[in-house]
Amino acid sequence: MASELEPEVQAIDRSLLECSAEETAGKWLQATDLTREVYQHLAHSVPKIYCRGPNPFPQKEDMLAQHVLLGPMEWYLCGEDPAFGFPKLEQANKPSHLCGRVFKVGEPTYSCRDCAVDPTCVLCMECFLGSIHRDHRYRMTTSGGGGFCDCGDAEAWKEGPYCQKHELNTSEIEEEEDPLVHLSEDVIARTYNIFAIMFRYAVEILTWEKESELPADLEMVEKSDTYYCMLFNDEVHTYEQVIYTLQKAVNCTQKEAIGFATTVDRDGRRSVRYGDFQYCEQAKSVIVRNTSRQTKPLKVQVMHSSIVAHQNFGLKLLSWLGSIIGYSDGLRRILCQVGLQEGPDGENSSLVDRLMLNDSKLWKGARSVYHQLFMSSLLMDLKYKKLFAVRFAKNYERLQSDYVTDDHDREFSVADLSVQIFTVPSLARMLITEENLMTIIIKTFMDHLRHRDTQGRFQFERYTALQAFKFRRVQSLILDLKYVLISKPTEWSDELRQKFLEGFDAFLELLKCMQGMDPITRQVGQHIEMEPEWEAAFTLQMKLTHVISMMQDWCASDEKVLIEAYKKCLAVLMQCHGGYTDGEQPITLSICGHSVETIRYCVSQEKVSIHLPVSRLLAGLHVLLSKSEVAYKFPELLPLSELSPPMLIEHPLRCLVLCAQVHAGMWRRNGFSLVNQIYYYHNVKCRREMFDKDIVMLQTGVSMMDPNHFLMIMLSRFELYQIFSTPDYGKRFSSEITHKDVVQQNNTLIEEMLYLIIMLVGERFSPGVGQVNATDEIKREIIHQLSIKPMAHSELVKSLPEDENKETGMESVIEAVAHFKKPGLTGRGMYELKPECAKEFNLYFYHFSRAEQSKAEEAQRKLKRQNREDTALPPPVLPPFCPLFASLVNILQSDVMLCIMGTILQWAVEHNGYAWSESMLQRVLHLIGMALQEEKQHLENVTEEHVVTFAFTQKISKPGEAPKNSPSILAMLETLQNAPYLEIHKDMIRWILKTFNAIKKMRESSPTSPMAETEGTIMEESSRDKDKAERKRKAEIARLRREKIMAQMSEMQRHFIDENKELFQQTLELDASTSAVLDNSPVVSDMTLTALGPMQTQVPEQRQFVTCILCQEEQEVKVESRAMVLAAFVQRSTVLSKNRSKVIQDPEKYDPLFMHPDLSCGTHTSSCGHIMHAHCWQS
């Protein structure tokens, strides 16, 4: 068949070659109806050049197309031989100061980390090497294809926008010169005519949907029966599926099928069969049938060869337009006018609109070609870039919906052009004010997330695979919102304020749908059967993290906007939680003569959510009120009096209690989904807008309420109120409740609560909370990371949070806090902490994980031992709070806080009567140290007109009141200083007493201190306490020495198995608790032990605790407890047999428990040793 076609093909080639481009152009110049003339030429010539057989001949087709089709257009446009015409145009053109080079896939791109306005601003290699940025900090990446070089765009660079090559073109930049002045009127008219006809033709044929007939003005008189079976690409079917299907459908070899599949994946479509209609239809039905079993079938069309021919030329034409406009900016301007000119159908009828709105219907190759044309024309002409941006914004919702329902990757969608438009600051502002772009993006995003629960919150529980796929695509809208916000405004107009606040309202609606989503309830009894969906909600949170931060930055740049945003956010939070007491039982809490009304709420029994973005946004805005001093300048404009501190703190406090209970092992039955949520809540990727903001919200609440009231509410939420409000409850608790798990849980909860108080008072390194700046915050992060161990650059960067520009800020401060140790022959270079920075180390730094805290403590103690210093790790001196948060320090000297401290110290003094841990004592000592540091600073910075109201030293010197008459905190510390069981904490206690004495001297010598008069009486009381305590201490020392060895041995024997077993089980960092529960049974003194005889001392039996491997519940082995079993395998054994040849006659009646003397056959039982509840094993 090929040999028959050959002469015909050659004949056609000859007839086409005889065609003259000059003559054709001359005919067109004389024509009265140019459109009709051109269309007739195309209708006659295109099918003769393209699609003449089963396989394309690109070189021959391109040569003929240039000679017969494109050549006449070039002659017509120039009015002379294009070989002379185009160089003339190029010479008359004023070179552009924009580079605009479109990147190919895999091409290197460079972004300056110092000068780029955002990370999307990139340079090609040539521009980069000729720019000032080669000597700056830069980031090199490979392009995914589709972007272009930003050299010459002044809005993309803070400095050095031009390379050496493009700088030459900027010497005479006028305001906005019209490029058409460099073209003659004849050229303009001819260009406009030919561009209008050819661009319309290309758009019309590429968006043509009929498979067998052409538009009327392109239809041929004689129509052959030649068709293509055209296979289109999708992202659902795999290579293997396509190859296998093609082999069956078109009877090709595997090699041919691989070739077809590769071309389909690269270009978006490929003809797999050529012939008459019936022949192609048969292949189509086989392909559809074979690929429609599990998913949607592959897209296949039987298309007439003339349609395919015109579409191929349409693509060639778009590429030709892109190259022609490179000769002159005037030609580019004309093409932009043609593309954006409204058609007769009104809105969305321009050629550019038609292409964009049909984007998802086009195949990959067609999309790439017209996207590149847009970039080299519309995006390179500053006037038309704005007009195109408006069209893009008006069609935004439709374009995004098309992208979400389409299955092609983002880089093949016209929606991906958003990065070229929204990241230009002037365009972004214009689109916000004129097209309300922020609101459009957010509402479009929310329209795609329609799955809600009864409260209107997003629900991802029953997400199908298709919904999850769509959700991943919808996330690109968040990226667009990030692009719009990435450059903060320096000047605000009233219109920008109004439209930004409208967008902020829409954003609050989005956050409102996230507030309280994915609520969880503690699983008791049985382990959760199915892990709930949690990843979608956290993915959404992670994607929004930078957007939330940028929203706050925008608010911070204008006082009016900040005030309005704060009011709006507070109003939405009150809508979300205005009725937070509904249905909850009100209760009154009382400790130390203070009372507060709150609600009965148990985190361990009720629903609780980790997602609280509205609360956290309000916390961020509240800090900005302090940082920008708006709170002090315009207090009358702010609704601070309307704030309800208990309402503000309620939900963040619940969230932190949830974390504490998870650490205490109370939520084990909720599975790994909760463990993962807690991990990400604290993780560097999320913590800035989650954990950190919850701490800030609690600080906000505490600064506006009585600290005693806050502490009582906190005790209630931690479910510890009974322990601290009832006299001797701790002693009753430890003796009455024998379940070790509950004691352990309560100890961990007390430790976590004390840790939270340390964080609330100590975390003041956010600008606006404390009097610090952003570099102080980064320095502190680095100091604490390097306190764990020396780190390489990459390791350190990973541990620091990135901003929206992927910067950590590390380079600007690292030299101030660390030395760089160069690598040897092998290994990596390491940053080591400077010795003078060690004093800023805080053992309870809030971004430490449990493991990091332990390592840091060990490393710092080791360092102190090497330097021959005592091993105390006192709290560092902290910067002062901002005025809005200044009252926070009073939590340390509040009555309830002193009661909590005193109670725990009492437990430590009478250490055998209570269930307590060294960890909680260490936290109390740290808090006392913080309070002393605070008082010392107050005294050092006091002026004559100020009175020192912080009197912690005075309060810890007072003994307890009747009827308890408990010793003062100071007296208990002096007792503990010599306790042999607290060897490791002696240095810290010594440091506290030393600091106390230093403060006492400062007070005595300070003439301005109003408390100097009362100091004498206080000191007398204190000395009486000291004498009493000293006598008691000496009396106890002898007993303690005798007991020490016996107590330690007894304790080690009794708890070795239990404690080590727990350590082995608790592989998760979250479960690794450092508490060591002291045995609460009284130790028998060695003076009263009787080994033999009627008065023999009864030694209690060793208690055994085991854990069921199925439900993870710990249980003591007792006769009355639930039955525990082991899985065992029983089999016959002849290992010890003396008569292996003996055959058992009747095995059914043979008793395996009776063994014959010849040991012919025995029974062997083996078990893995894993213990289970009998009912767990059965179920």
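Provided above is the structure to which this section pertains.
Given the structure is predicted, the values throughout are model-derived calculations rather than measurements.

A. Fine view of the overall build of the chain. The helix and strand tally for the chain stands at 45 helices and 13 strands. Within the chain, contacts between residues at least 6 apart in sequence are counted, and of these 76% link residues at least 24 apart. When the accessible surface of the chain is summed, it comes to about 55800 Å², and 52% of that surface belongs to carbon and sulfur atoms.

B. Region of the structure containing the pairing of strand β1 (residues 108–112). With four of five residues buried, β1 is to be regarded as a mostly interior element. Across five bridges, β1 lies against strand β2 (residues 138–142) in antiparallel orientation. Paired with Y110 across the strands is M140, a residue of β2.

C. Focus on helix α22 (residues 476–485). α22 sits mainly inside the fold: nine of its 10 residues count as buried. By the burial criterion, the buried members of α22 are S476, L477, I478, D480, L481, K482, Y483, V484 and L485.

D. Molecular detail of the packing of aromatic side chains. Summed over all chains, the structure comprises 35 aromatic pairs. Relative to Y846, the ring of F691 lies with its centre 5.7 Å away and its plane at 40°, an arrangement referred to as tilted. Of this pair, F691 sits in helix α30 (residues 691–703) while Y846 sits in the loop between β9 (830–833) and α38 (850–866), placing them 155 residues apart in sequence. In this structure, F691 and Y846 share a single accessibility class: buried. Pairing F845 with F848 gives two aromatic rings, centres 5.3 Å apart and planes at 80°, and the pair type is edge-to-face. The rings of Y370, F374, F388, F392, Y396 and F422 are connected pair by pair, giving a single aromatic cluster. Cation over ring: R764 sits above F881, and NZ or CZ is 4.0 Å from the ring centre. Its guanidinium or amino end placed over the ring of Y755, R923 lies 5.6 Å from that ring's centre, counting from NZ or CZ.

E. Just unusual backbone geometry, in detail. A positive phi angle, close to 65°, is found at E629, a residue other than glycine. Inspection of the secondary structure puts E629 in the loop between α26 (613–627) and α27 (630–633). A relative accessible area of 44% means that E629 is categorised as partly exposed. Its identity is not glycine, yet E719 carries a phi of approximately 60°, on the positive side. Mapped onto the elements, E719 comes out in the loop between α31 (707–717) and α32 (721–725).

F. Representation of the environment of N395. With respect to the element layout, N395 can be found in the loop between α16 (382–394) and α17 (396–405). Sequence separation between N395 and N348 is 47 residues, and the spatial gap between their C-alpha atoms is 8.4 Å. Setting aside residues up to four positions removed in sequence, N395 forms contacts with N348, D353, M356 and L357. Among the polar contacts made by the side chain of N395, one reaches the side chain of D353 at a distance of 3.0 Å.

G. Inspection of the nonpolar core at higher detail. Membership of the largest hydrophobic core comes to 280 residues, with the highest contact counts inside it found for F195, F313 and F500. Judged by nonpolar contacts, the second largest core, of 21 residues, contains Y227, F260, V272 and V300.

H. Up close: the sheet that holds strand β4 (residues 269–275). Sheet architecture is open: three strands sit in the order β4-β3-β5, paired in antiparallel fashion. A single partner strand is all that each edge strand has here, and the edge strands are β4 and β5 (300–304). The average undirected angle you get between the axes of adjacent strands in this sheet is 30°. Two strands pair when backbone bridges link them, and strand β3 (residues 227–232) and β5 are joined in this way by five bridges, in the antiparallel orientation. Across the sheet, M230 pairs through a bridge with Q301, a residue of β5. Here helix α11 (residues 277–291) sits on the sheet in contact with β3, β4 and β5, set at roughly 135° to β4. Where helix α12 (residues 305–324) meets the sheet, its contacts fall on β3, β4 and β5, and the angle it forms with β5 comes to roughly 95°.

Definitions and limits used
Residues numbered from 1 in each chain as written. Predicted model: local features only at pLDDT ≥ 70, side-chain atom pairs only at ≥ 80, totals over all residues. Heavy atoms only, no water. Helix = DSSP H or I, 4+ residues; strand = E, 2+ residues; numbered from the N terminus. Contact = heavy atoms within 4.5 Å. Areas by Shrake-Rupley, 256 points an atom, 1.4 Å probe, with all protein chains shown as cover. Buried < 20%, exposed > 50% of the residue type's maximum accessible area, 1.4 Å probe, protein only. Pairing = 2+ DSSP bridges. Phe/Tyr/Trp six-rings, centres within 6.5 Å; stacked < 30°, edge-to-face > 60°. Lys NZ or Arg CZ within 6 Å of the ring centre and 35° of its normal. Polar contact = N/O pair within 3.5 Å; in protein donor to acceptor, adjacent residues only side chain to side chain. Core = buried A, V, L, I, M, F, W, Y, C linked by side-chain atoms within 4.5 Å. Axes fitted to C-alpha atoms, helices over the stretch in contact; angles between N-to-C directions.

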